[in-house]
Amino acid sequence: MYMRFTKNRKALSTVVTTLIILVVSVLLATVVTYYAINVTSTRVQEEALHLTKQHVWYNTSGGWAEGAIVILNTGGKDVVIDKISVRGQECDWTNVYFWRTNNVTVSDDLQVTTNPLNGSSVSITVQGASRNFTRASDDITLRSGYTMVVYIKDPDSIALNDVGVTVGINVFTSNAQYYKEVNVEAAQ
């Protein structure tokens, strides 16, 4: 009777068992991989700044320099701009003037000012209208969907000999660094 019982017992072969274990392992690894990609890609895509219309001018008659750039927050979350640097040198916040908007599209090119930036606020023409720029005192916030125009008084140590030289403008947030290159232009 005992012999008959062992002969009637049915079981999976070793090959089929190995295949099942392999398939389950591969499926589990695939699910974990897709989850990790989803988590990292959604976090990276939340912050996105677009830098455009960058300029650095040197006023040959006045002996002063000025920089300007437009920053668009195209990402899904608000950002804090920690630092702006020109040619690798951090710009002091007291030399940074900004204007934020969510209802004006800045499509015109930025123009150099006729006088050096000075005071706690300045008026600069952007997109055909005079805009009130505020001097920064600390890190600057930029809400999602907003545009910010930044003017920098005396960035780095731009001098007459730098006209025609390529310099970089960096915008730093807590999560990323954004970089644009520009040639120093002569302004009268």
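Conventions and cut-offs
- Position numbers for residues start from 1 in each chain and track the written sequence from start to end.
- Note on the predicted model: pLDDT of at least 70 is required for a residue's local features to be given, and 80 or more for side-chain atom pairs to be given and counted; whole-chain, interface and lining totals, by contrast, use all residues.
- Each side-chain value is derived from all of the structure's non-hydrogen atoms; neither hydrogens nor water enter the calculation.
- Labels follow the DSSP assignment, with helices taken as runs of H or I lasting at least four residues and strands as runs of E lasting at least two, numbered in each case from the N terminus.
- As a reference, a globule follows 2.2 Å times the number of residues to the power 0.38, and the radius of gyration itself is taken over C-alpha atoms.
- Relative accessibility under 20% of the residue-type maximum defines a buried residue, over 50% an exposed one, and the middle range a partly exposed one, all with a 1.4 Å probe and only protein chains included.
- By definition, residues are in contact when any of their heavy atoms lie within 4.5 Å.
- Using a 1.4 Å probe, accessible areas were evaluated by the Shrake-Rupley method; residue-level cover was limited to the displayed protein chains.
- Pairing of aromatic rings covers Phe, Tyr and Trp, the last counted by its six-membered ring, and requires centre-to-centre distances within 6.5 Å; plane angles under 30 degrees mean stacked, over 60 mean edge-to-face, and any other angle means tilted.
- In our convention, an over-ring charge means Lys NZ or Arg CZ found within 6 Å of a ring centre and within 35 degrees of that ring's normal.
- We treat two strands as partners when DSSP finds at least two bridges between them.
- We define a salt bridge as a contact between a side-chain nitrogen of Lys or Arg and a carboxyl oxygen of Asp or Glu at a distance within 4 Å.
- We call a set of buried Ala, Val, Leu, Ile, Met, Phe, Trp, Tyr and Cys residues a nonpolar core when their side-chain atoms join them within 4.5 Å.

Student: I tried to follow the overall build of the protein chain on my own but got confused; where do I start?
Tutor: In terms of helices and strands, the protein chain carries two helices and eleven strands. Its helices and strands taken in sequence order, the protein chain reads α-α-β-β-β-β-β-β-β-β-β-β-β from the N to the C terminus. The globule rule puts the C-alpha radius of gyration for 188 residues at 16 Å, and the 29 Å found for the protein chain is more than 25% above it. In terms of overall dimensions, the protein chain has C-alpha extents of about 110 × 35 × 25 Å along its principal axes. Here the protein chain holds 188 residues, and the buried ones make up 35% of them. Long-range pairs, those at least 24 residues apart, make up 69% of the contacts in the protein chain with a sequence separation of at least 6. Per element, the accessible surface of the protein chain, about 11,500 Å² overall, is 52% carbon and sulfur.

Student: Looking at this model, I keep getting lost on the packing of aromatic side chains. Mind explaining?
Tutor: Each aromatic ring pair is described using two quantities: the centre-to-centre distance and the angle formed by the ring planes. With the rule as written, the count across this model stands at three aromatic pairs. Residues Phe133 and Tyr151 carry aromatic rings whose centres are separated by 5.5 Å and whose planes lie at 90° to one another, so their mutual orientation is edge-to-face. Placement of Phe133 in strand S7 (residues 129-135) and of Tyr151 in strand S9 (residues 147-153) is noted, with a sequence separation of 18 residues between them. In textbook terms, an aromatic cluster arises when at least three aromatic residues are bridged by ring pairs, as seen for Trp57, Trp99, Phe133 and Tyr151. Its end group placed over the ring of Phe172, Lys83 keeps NZ or CZ at 4.4 Å from the ring centre.

Student: Teacher, can you tell me more about the pairing of strand S11 (residues 177-187) here?
Tutor: Put simply, side chains in a regular strand alternate between the two faces of the sheet. Relative to S11, strand S1 (residues 49-59) is paired through four bridges, and the arrangement is parallel. The residue of S11 that forms the bridge with Trp57 is Glu185. Across seven bridges, strand S10 (residues 166-173) lies against S11 in antiparallel orientation. Directly across from Phe172, in S11, lies its bridge partner Gln177. Between the antiparallel neighbours S10 and S11 lie three residues.

Student: Please clarify how the pattern of salt bridges should be interpreted in this entry.
Tutor: Any two side chains of opposite charge can pair, so long as their charged atoms come close to each other. As enumerated under the stated definition, the model contains two salt bridges in all. With a shortest N-O distance of 2.8 Å, Arg87 and Asp156 are connected by a salt bridge. Of this pair, Arg87 sits in the loop between strand S3 (79-86) and strand S4 (89-90) while Asp156 is found in the loop between S9 and S10, placing the two residues 69 residues apart along the sequence. The class of Arg87 is partly exposed, set by a relative accessible area of 33%. Linked through salt bridges whose partners overlap, the residues forming this network are Arg87, Asp156 and Asp162.

Student: Quick question: what am I supposed to make of the pairing of S1 here?
Tutor: Counting buried residues in S1 gives eight out of eleven residues, a clear majority hidden from the surface. Hairpin remark: S1 followed by strand S2 (residues 64-73), antiparallel, with four residues in the connecting loop; positive phi at Gly63, about 75°.

Student: Can you walk me through the nonpolar core in this structure?
Tutor: For soluble globular proteins, the rule of thumb is that nonpolar side chains tend to be buried together. Formed by 29 residues in total, the largest nonpolar core has its most connected members in Ile71, Ile81, Val96, Ile140, Met148 and Val150. Elements supplying a minimum of two residues to this core: S1, S2, S3, strand S5 (96-101), strand S8 (140-142), S9, S10 and S11. For Met148, the contacting residues outside a window of four places in its chain are Ile69, Val70, Ile71, Ile81, Phe98, Trp99, Arg100, Ile140 and Leu142. By size, the runner-up hydrophobic cluster in this structure holds 16 residues, among which are Ala68, Leu110, Val122 and Ala187.

Function cannot be inferred from these measures alone, as they are strictly geometric.
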